Number of protein chains: 4
Amino acid sequence: MFDVAHLAHVELLTPDPDGSAKFFTEILAMEETGRSGESIYLRAFEEGYHHSLKLTGADRAGLGHIGWRTTSQAALERRGTALAATPRGRGWSDGDVGHGPAYQFTTPDGHLTEVFFEVTYADISDAEQTRLLCRPQRRPLHGVPVRRIDHINLLATDVAACNDFLIEQLGFRLREQIVRGDGELRGVWLSVTALAHDIAVMQDGLGEPGRLHHLCYWYGTAQHLEDVADVLRDRDIVVEHGPGVHGATHAKFLYVIEPGGNRIEFFGDTGRLVFDPTAPVITWDQDHADVAGSWIGSPAPDPDFYLYATPVVPIPDDLVRTSQVGPRLTQERHSG
Amino acid sequence: MFDVAHLAHVELLTPDPDGSAKFFTEILAMEETGRSGESIYLRAFEEGYHHSLKLTGADRAGLGHIGWRTTSQAALERRGTALAATPRGRGWSDGDVGHGPAYQFTTPDGHLTEVFFEVTYADISDAEQTRLLCRPQRRPLHGVPVRRIDHINLLATDVAACNDFLIEQLGFRLREQIVRGDGELRGVWLSVTALAHDIAVMQDGLGEPGRLHHLCYWYGTAQHLEDVADVLRDRDIVVEHGPGVHGATHAKFLYVIEPGGNRIEFFGDTGRLVFDPTAPVITWDQDHADVAGSWIGSPAPDPDFYLYATPVVPIPDDLVRTSQVGPRLTQERHSG
Amino acid sequence: MFDVAHLAHVELLTPDPDGSAKFFTEILAMEETGRSGESIYLRAFEEGYHHSLKLTGADRAGLGHIGWRTTSQAALERRGTALAATPRGRGWSDGDVGHGPAYQFTTPDGHLTEVFFEVTYADISDAEQTRLLCRPQRRPLHGVPVRRIDHINLLATDVAACNDFLIEQLGFRLREQIVRGDGELRGVWLSVTALAHDIAVMQDGLGEPGRLHHLCYWYGTAQHLEDVADVLRDRDIVVEHGPGVHGATHAKFLYVIEPGGNRIEFFGDTGRLVFDPTAPVITWDQDHADVAGSWIGSPAPDPDFYLYATPVVPIPDDLVRTSQVGPRLTQERHSG
Amino acid sequence: MFDVAHLAHVELLTPDPDGSAKFFTEILAMEETGRSGESIYLRAFEEGYHHSLKLTGADRAGLGHIGWRTTSQAALERRGTALAATPRGRGWSDGDVGHGPAYQFTTPDGHLTEVFFEVTYADISDAEQTRLLCRPQRRPLHGVPVRRIDHINLLATDVAACNDFLIEQLGFRLREQIVRGDGELRGVWLSVTALAHDIAVMQDGLGEPGRLHHLCYWYGTAQHLEDVADVLRDRDIVVEHGPGVHGATHAKFLYVIEPGGNRIEFFGDTGRLVFDPTAPVITWDQDHADVAGSWIGSPAPDPDFYLYATPVVPIPDDLVRTSQVGPRLTQERHSG
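Residues numbered from 1 in each chain as written. Chains lettered and ligands numbered in written order. Predicted model: local features only at pLDDT ≥ 70, side-chain atom pairs only at ≥ 80, totals over all residues.

### Some words on the overall build of chain A
Then comes step 1: Assigned secondary structure in chain A consists of eight helices and 17 strands.
Then comes step 2: Counting every position in chain A, which comprises 336 residues, the buried fraction comes to 60%.
Then comes step 3: In chain A, of all internal contacts separated by at least 6 residues, the share reaching a separation of at least 24 is 62%. (Helix = DSSP H or I, 4+ residues; strand = E, 2+ residues; numbered from the N terminus. Buried ≥ 20, exposed ≤ 12 C-beta atoms within 10 Å, placed from the backbone. Contact = placed C-beta atoms within 7 Å.)

Here you go:
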C-alpha cells in the first residue's frame, strides 16, 4: 500500500497561544500564514504547503490533530472508505485553511487524525523570493530557522493496538520497536517514507490515553541544535534533553518545552534512511534500551522525559522522587 | 508506479584495480566482501547488502552497470516483462554474487542497467557487531568511512530520451532539470525515493554515448567532506571540486578522481528530500545555471568538470584552452 | 617584547555608509554602539570593548586606521616613545569614543595605525544580559551573528619593509611567509597572540601603496560560514571566495564584499594556534603556493582576489582578460 | 610576567600500560615516539615536539607530572631561581627524552610539576611529510586523530593555595572561578596563553591531595567529538559525559575514561579566547553553577563526575546512593 505520502501538518493545543506563536515565529523563524478563530497557521521556510503547524488556544496543552497527505485523490478515497469501515472512522470534513476535504478518524488511543490530498501551496512574497529555486523562499534573517516538519511521537495506553492500526489502515511499515523482557511492546517507530519514522508511539507510563510526547521539526545540521539551545537558554525556554544522538533512528536530537507546555524536538540530521524494501524490523530489548535512547550524549532525564507529556497530568510523588531533574519541570507545569 | 525501490549497486570499470580497491578500502573504509574473476565487491559500513560497488578491471575506466532493487518479486517481474517489450531489453541473467535474478537492459544512451529483487545481506563478523542495532556493523577505525551509496550521474548524447525512458519504464519522477534558452533539455535529476535524485543525466559535451560523470557515496556530515579532502590531498588523489553546496538538489558535495580515473562524489548531507507527491519540477534556466551548480562555494572548474568523464576521451584543444585547471587533469588522464 | 596585546579595532572607509552599516548590523548582528560625525561604531556580540569597527563615510572605500591595544599603560608609553623616534611616528591623539590616548603612526606603506591602552567596556542593556557569564551578552536573535574581530590583511608595495617594521617596532613575530623563486618576500603573516596571524601583509600587484585587502571577523564554527553565505547570496551581496580551508594559517574561510566595497573575511575556526615560543617560520615557496591559498576548496578567483582591494583602482585589461570571474566584480566596482 | 609559554606535556600513571597505549595510538591516532623503562612517549599529529604524553606503568592511575615550557632559557632560569626559594622547590633534573634541563617542584597540593625550555622537535618520517607546511605531518588514516594537548584539570584540597601559587610563581592569570555562597573558592581556571585555561584546579570532594581530574586533548571540530564517542561506545570504553558545551570557558567537550582509569577530555573547539589584557575574572556563583558546567547539554553525572578522579579512592556509600550513573563507573573502577 502506497496511499499515505507523508506527515503534512499537526495541530497543537496551547494554553498560551501568544507565547507559543512567538516561540515558533521569533525563535524558529516560522511564518504566520493565517489566522482563523482561535487558531494560527505557521510554516517553516523550506516547506511548500500553506502550513505545517496549527496552533489552537485551549485550556490545556496537547495534540489537536495530525494531518497526513495521501499520494493521490484516489488514494484518499481508498483510505476514506477503508477507515469508515472501522470503529475509528469519524467522517469527512470539508477541510481547513490550506487543504481540501479530509477524512477524519482516531488512533485506537484516541489521537485525532486526518488524511487529505488537495493542498494550497505557500504564497511567497516578492521580497522572499530566492535564487535557489529548489526551495520555496529565501532563508529568514531572524531566529534560528527550522526547515520542515519531521515526525510526531505519541504516547498511548495500548502501543500494540496503535501499531497494528497504523500498519493495517494507513500502510505504515514498522521500522524499530522496544520490547520488554516479558515480550510487551513498549514503543514503535513507523514510516511510509524513507525516514526511519514519520510517527512513533510509546507506552504512556501514567496510563493516560491520547497524549502527545513531542512534535519534531528538522534543522538538518547539528550546529543549529546548539544555536537554538543557546538562544533558548538565555530566553527562559526549558531545554530538556540533548543535543545528542539517538540509538533508535540514529538521529541527532534536541528536546525543548515550548511556552504552551508541549515538548518540541529538533533533528540535526535525517537519521538513518530506509530504502531497503525488505528491511528487517530493529528490536531494542532491555539490554539495549540505553542505546536506543542515547547512542551519544547523556541519558534522558528519568522519569520526566518519559512521563511528562501533554495534556500534563501530575506525576505521582514516588516517581518524581526518583528523578534528579523532574520536580522542576513537572511541578512548574502542574502549577503553571 | 512503485516498482523500483532504490539504487542498490554500481559496477565501475578501472584500469587500475589495485589502486581503485585501495582507495575504497583504505581511504573510504569500505570492506571487501568478495572477489570473482576480475571483480572485487565492496560495501560501506552502514549498508545492509553484500555490496554496493563492484570494481572490475578493464582497459578503460567507466561504467560497468547500474543495479536497481525492486520493491518486490512481483515488481521485478512486471519490470522485466515491460522492459523486454522495448528495444532496450537485453534479457534475464541469473544474478551475481550478492543478488538474485536480474533483468538487464540499457538506457537509450547505452548505459547497462539491471533490476533485481533477491539480495544477500552482509555477513558481519563477530568482531564488527555493534550495540547500535539499527546499523549493520560498528564504525570502522581506519580511513574516513563513507556510509552508503547515494546516486549516480550519467552523461548522455540524448538527455530527453534517457529522461523519458527512466520515467516511463522505471517509474522515476523528474525532480529538477536544466533547460537552455532554446528549450533544449541539458540535464535532469530523477528519483524513486525521497532523495532529490537517485540518478541524474547530463548532456555529454563531447558527444560520446554512455559515459559516467560520477558515482556518489554519502557521508551525511559536512565535516567528513573536509576530513576526506584533507587525507586525499596528502596522498596524491585529485580533489577536483568542493566542498560546496549545490543549488540543484541543495546538497553538500565534494568531487574527487579515484585512482582508476572515475569521478567520485561525496555528499555531506542528504540535500533536500521530496515528500510532496505533487512536487513541482524545478527548472534551472540559463539565468540560474550558476546557482544550480554551486549555491555555496566556487563554480566548478570549467570545462573539465563538464567534459571529463569516463571512459576518458580527449578534450579538444580549443575547449581546454578556455580552462584554468583543465589541462592538468585531462592531459594526465589522456596520457596515463 | 610583549607590549602589544591584540587587534582591538579597525576603521573602514565606505562610500555607502548606510549600506555598510546595514550589512554589519542586519546580516552580522553587530550592534551600533555610537555615532560621531561621519562615523558609526559597532561591536560583535562576544566582544567586550565599546567597538571593534568604526565605519566612516568617505569618497572611496579603504582603510581608515588600525587600533592595537597594549598590554599596559607602561607598554603604551614605551611604544609611543619608540615610535616617535622613527620616521613613521605621527604623534599622540586624545583617543576616540571607546578608548583613551593613542599614539598614531603609519606602516612603511602608509597604513594609519595607533596603539592605546585605556578602553571603555561595552554597556550591555538589561534585556541582553546573559546567564553565560563568560560572554558579554546573550546571542542576538537576528542575522548570522559574528563573534569577534580576528585579523587584518593589508596590501603593500614593500612587504619586507612592513614586516621589519611590525617586528621591530611592535613586537610581532613572523609566523608564515610566501617567498618567490628569486627570494622576494611576497606575503607575511604575523602575530603577537597565539593566533597564526593578527595581521598579514601581501604584495600589491598593482603597485598602489596603503591598500586594504580584507578585514576578518570570526564565527568559530564552519556551519556559520555556510549560513552567512546562504543569506548573502539571496540578498545581492557578492560572496567572492570560499568556504574553504587555507593552507597558510590552516583556517576555515569565506570572503565577501560588503556594500561599501571593502572585502570582509569570516573565519570558521581559529586556524592553527602557535604556543611554541621557538616556532619555526613557515615558508611557502612557489611549489606550495596553491596549498597556501586553499588547502581544501577551490583556488581563489585569479586575478581579482589578488588585485581587487580598497581603495579600488582599475585592473589593467590584460590582467582582467586572464580572469574568469574578474570583470564582473571589478567593473561593477569601478563604475559603481 | 611572561616566563611560562604553554603546557607542553603530561605524564599519566596507568595500571594498564598496554590498554592505555592502545587507546591513545589506535583510537586517537597518537604516535609512539619513544620508550624508556616503564614509560611510553606519545605525540598527536599536529604537535611539533617529541611528545605531549608520557604513559608510565604504575600500581594506580593518576598524575605523574606536568611539564610547562618557558618562553626562553632566561625565563627558565628565573623560574628555577624563584621556585627554589619556595618550600615547593624540588631541584633541577637533567631533563627527559624530548626535552632539556627542568626545574621540578610541586603545587601546594603536591602535584609534581616541571618547567623547561630546550625541546626536541618531532622527527617526521618521509612517508608522513605533508604538503600543508604549517603542520608537522599529514593527517593519520586510522582512528579519530586528536590534534594537540589542550589543558590539565587537577583536584586539590586547597584550591586557593594552588591558585595563589600558580599566579605568583608561574605568572598564570585567573580567568574564571567558582565561589560558594560562603565565599569559599571551589574551582579556578587559569592561563598563560589566550586559551581560557591551560590549567584548572577544583576542590577534591573526598579530601584527597594531589589527584588528577582530567587531561584534555583538542580536536577543534565538534563532529570529531561524535566520531570518537561513536567508536568508543562500540569498543567498551566508558564515555562518561558529553558532548556538550561548557559554560565556564565556553568550550565543546566530551569526557571518557581511558583503559588505565584516567579521565580524558576532548575539546571540539577552543572555547573562548582571552586577548584582553585587563579581562575581568568571571565568577560563577551558586546561581550559575549549572551553567558553568553545561551551557548546552545535560548536567554532569553527579556525584561521579565530581568525585571520581585518579588515583581512585572509594566514594562513600551515602554519596554513591544519590547518583544515577555513579555505581557503575566507580564500583567497576574500585574492584578493577
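### Observations regarding helix 1 (residues 17-27) of chain B
All names here are of chain B.
Then comes step 1: Every buried residue of helix 1 is accounted for by Ser20, Ala21, Phe23, Phe24 and Ile27.
Then comes step 2: The elements touched by buried residues of helix 1 are strand 1 (4-14), strand 3 (39-43), strand 4 (53-57) and helix 4 (222-233).
Then comes step 3: Ala29 lies just past helix 1 and shows a positive phi near 60°.

### Brief notes about the interface of chain B and chain D
Then comes step 1: If you look at the interface, chain B gives 14 residues, while chain D gives 14 residues.
Then comes step 2: Of all the elements, helix 4 of chain B adds the most residues to the side of chain B that touches chain D, at four residues.
Then comes step 3: Class assignment for the residues of the side of chain B that touches chain D results in two nonpolar, five polar and seven charged. (Nonpolar A, V, L, I, M, F, W, Y, C, P; charged D, E, K, R; others polar.)

### Some points on the relation of the copies chain C and chain D
Then comes step 1: Each copy superposes on the other: chain C lies on chain D with an RMSD of 0.0 Å after a rotation of 180° and an axial shift of 0.0 Å. Viewed as a symmetry operation, the transformation between the two copies matches a two-fold axis. Every residue of chain C has its C-alpha some distance from the rotation axis, and the shortest such distance is that of Ala194(C), at 3.2 Å.
Then comes step 2: Comparing contact sets, 100% of the residues at the interface of chain C also lie at the interface in chain D, consistent with an isologous, same-surface contact. (Least-squares fit on C-alpha atoms with pLDDT ≥ 70 in both.)

### A short note on the sheet that holds strand 4 of chain B
Residues and elements named next belong to chain B.
Then comes step 1: Taken together, the eight strands give an open sheet; going across it, the order is 2-3-4-1-5-8-7-6, and neighbouring strands pair in mixed fashion. Whereas interior strands pair on both sides, the edge strands pair on one side only; in this sheet they are strand 2 (31-36) and strand 6 (89-93). Going across the sheet, the axis of each strand differs from the next one's by a mean of 25°, ignoring polarity.
Then comes step 2: For strand 2 and strand 3, the ladder comprises five bridges, and the chain directions are antiparallel. Bridge assignment links Glu32 to a residue of strand 3, and that residue is Leu42. (Pairing = 2+ DSSP bridges. Axes fitted to C-alpha atoms, helices over the stretch in contact; angles between N-to-C directions.)

### Structural notes on the interface of chain C and chain D
Then comes step 1: At the junction of the two partners, chain C supplies 30 residues and chain D supplies 31 residues.
Then comes step 2: If you list the elements that add at least two residues to the side of chain C that touches chain D, you get strand 1 (4-14) and strand 17 (282-284) of chain C.
Then comes step 3: Taken together, the residues that form the side of chain C that touches chain D break down as 13 nonpolar, 11 polar and six charged.

### Concerning the pairing of strand 9 (residues 148-156) of chain D
All names here are of chain D.
Then comes step 1: The element strand 9 is largely enclosed, with a buried count of eight among its nine residues.
Then comes step 2: Both strand 9 and strand 13 (residues 212-218) contribute to a ladder of six bridges, which runs antiparallel. Within the sheet, the bridge partner assigned to Ile152 lies in strand 13 and is Leu215.
Then comes step 3: When strand 9 meets strand 12 (residues 199-203), the two strands line up parallel, connected through five bridges. Of the residues in strand 12, the one forming a bridge with Leu155 is Met202.

### With respect to the pairing of strand 12 (residues 199-203) of chain A
Residues and elements named next belong to chain A.
Then comes step 1: Counting buried residues in strand 12 gives five out of five residues, a clear majority hidden from the surface.
Then comes step 2: Two elements, strand 11 (residues 185-191) and strand 12, share four bridges in a ladder whose sense is antiparallel. Bridge pairing in strand 12 places Leu190 opposite Ile199.

### Comments concerning the environment of His241(D)
Then comes step 1: Structurally, His241(D) is set in strand 14 (residues 238-245).
Then comes step 2: A count of 24 C-beta atoms within 10 Å places His241(D) in the buried class.
Then comes step 3: Put simply, His241(D) and His197(D) are 44 residues apart on the chain and 20 Å apart in space, counted from C-alpha to C-alpha.
Then comes step 4: In contact with His241(D), other than residues within four places in its own chain, are Ser298(A), Tyr255(D), Ala300(D), Pro301(D) and Phe305(D).

### Topic: the confidence of the model for chain A
Regions with low pLDDT carry predicted coordinates that are not meant to be interpreted in detail.
Residues and elements named next belong to chain A.
Then comes step 1: With 95% of its residues at a pLDDT of 70 or more, chain A has an overall mean of 94.
Then comes step 2: Contacts for the low-pLDDT stretch residues 324-336, under 50 throughout, to residues beyond four places or in other chains number 22 contacts.
Then comes step 3: Scored as a complex, the prediction yields pTM 0.96 and ipTM 0.94. (pLDDT = per-residue confidence, 0-100.)

### Comments concerning unusual backbone geometry
Then comes step 1: The amide bond that connects Asp302(B) to the next residue, Pro303(B), takes the cis arrangement and shows omega of 10°.
Then comes step 2: Locating Pro303(B) in the fold gives a position in the loop between helix 5 (289-293) and helix 6 (304-307).
Then comes step 3: For Asp236(B), which is not a glycine, the phi torsion comes out positive at approximately 60°.
Then comes step 4: Along the polypeptide, Asp236(B) turns up in the loop between helix 4 and strand 14 (238-245).
Then comes step 5: A positive phi angle is found at Thr249(C), which is not glycine, with a value near 80°.
Then comes step 6: Checked against the element boundaries, Thr249(C) lands in the loop between strand 14 (238-245) and strand 15 (252-257).

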